[in-house]
Amino acid sequence: MLDTNREIQELAADYAGALRDGCIPAFLKSLTREEAKRIASSRQFQDAAEVTRLLNGVGFADKALIPNVDLFISRVNAEISSRLKKARASSRGRRKAVARHAAGTEKRAEKSV
Amino acid sequence: MNRRLRNALKGLTAPDIERRRRAMEPFVRATFDVFIRYLYRYLGNEVECEDVLEDVYADIWENADRLRNVTTEKQLLTTVYLYYMRKRLRQVYNRMNRNLHLSQRDLENIIAPELGVIETASQSELQQIVRRMLNRLKARERRAIELWMEGFSNRAIANELKTTVGAVKMLEFRTMLKLKKMLRDYCYED
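Since the structure is predicted, the reported quantities are computational estimates derived from the model, not experimental observations.

Criteria and cut-off values
- Residues numbered from 1 in each chain as written.
- Chains lettered and ligands numbered in written order.
- Predicted model: local features only at pLDDT ≥ 70, side-chain atom pairs only at ≥ 80, totals over all residues.
- Heavy atoms only, no water.
- Domains from an automatic or database assignment.
- Contact = heavy atoms within 4.5 Å.
- Salt bridge = Lys/Arg side-chain N within 4 Å of Asp/Glu carboxyl O.
- Polar contact = N/O pair within 3.5 Å; in protein donor to acceptor, adjacent residues only side chain to side chain.
- Helix = DSSP H or I, 4+ residues; strand = E, 2+ residues; numbered from the N terminus.
- Buried < 20%, exposed > 50% of the residue type's maximum accessible area, 1.4 Å probe, protein only.
- pLDDT = per-residue confidence, 0-100.

Engineer: Requested: an account of the domain arrangement of chain B, with residues and values cited.
Structural biologist: How big an interface is tends to be expressed through the accessible area that disappears when the partners come together. Residues and elements named next belong to chain B. Segmentation of chain B into domains returns domain 1 (3-96) and domain 2 (104-189). Between the C-alpha centres of domain 1 and domain 2 the distance comes to 28 Å. Counting residues at the interface gives 14 residues for domain 1 and 17 residues for domain 2. For the pair domain 1 and domain 2, the number of links is two salt bridges. One salt bridge in this structure joins Arg-90 and Glu-108, with 3.8 Å as the shortest N-O distance. Scanning the region where domain 1 abuts domain 2 turns up one residue pair in polar contact (both at pLDDT 80 or more). Every element with two or more residues in the side of domain 1 that touches domain 2 is listed here: helix 2 (17-43) and helix 4 (73-92). Examining the composition of the side of domain 1 that touches domain 2, we find that eight residues originate from one element, helix 4, more than from any other.

Engineer: Tell me about unusual backbone geometry, and name the residues and values.
Structural biologist: Residue and element names in this part refer to chain B. Phi angles above zero are rare outside glycine, and Lys-162 is one such case at about 55°. For Lys-162, the location among the structural elements is in the loop between helix 9 (154-161) and helix 10 (165-189). Judged by relative accessible area, Lys-162 falls into the exposed class, the value being 73%.

Engineer: Tell me about the confidence of the model for chain B, residues and numbers included.
Structural biologist: Reading fine detail from the predicted coordinates is not recommended where pLDDT is low. All names here are of chain B. The pLDDT averaged across chain B works out to 87; a share of 98% of its residues lies at or above 70. Within chain B, the lowest mean pLDDT, 72, falls on helix 6 (residues 117-120), and the highest, 94, falls on helix 9. With pTM at 0.80, the complex prediction returns an ipTM value of 0.83.

What follows is the structure in structure tokens.
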């Protein structure tokens, strides 16, 4: 991907290679302004990209290493716990803020009386 | 849809947090293989697929309202792609976007496009479609695509076909456009 002025067919082939090899960021970073413009305005690139995704899904998704589901479930549980914790902390914070606000209003009301 | 998945879905859409949490494990077990293969189409990288999927499941746990009326596996896949996966997929490379020349919209379209044939078809359907389409290609085009699908680099394909790398890229590009046209025809037939 050192060529800096690639035609649309070269860009499509490089995108296909990058998707297959799991290195899309390297492809995206390799794009020059001109190439990016070419991609943005090319319907053919979008079509080729769609077929690439199709071939990638059929050719490689089954061969890809499928991780241990049990281990993955524990990751999901940890993520859920952390979100739950965050939600509780924010609702507690909100409740405290409401209580503080109410106390402040009462004090102000007493002073004015 | 099998009973286990149906029960898990029912649990996921329950208002009780703990019930939703308990339903997550059977749901992950029933859908993990399908979802991770699905994500692989867009990322081509197992580690990223796992990271995205972890967030997708947590999002589903947080708000599974979209899955309330799902009755078939195909519907489940489409709904999960549209409302949970696509958002996460689009976030994957967003952080590097300020260093890129692509606009946000173009980047998003490359990473996770709108709903098309690929997004709605199951893995076995896709395999059938590809097999059928490859059979209709010319020998040289078919060979180039098959070699690519076996993991050959463009240089290796060029050596195999006794041509140059540039010619291989052109051949691949033209063949992909041809395949896209076949895919469109296939949709109309369907």
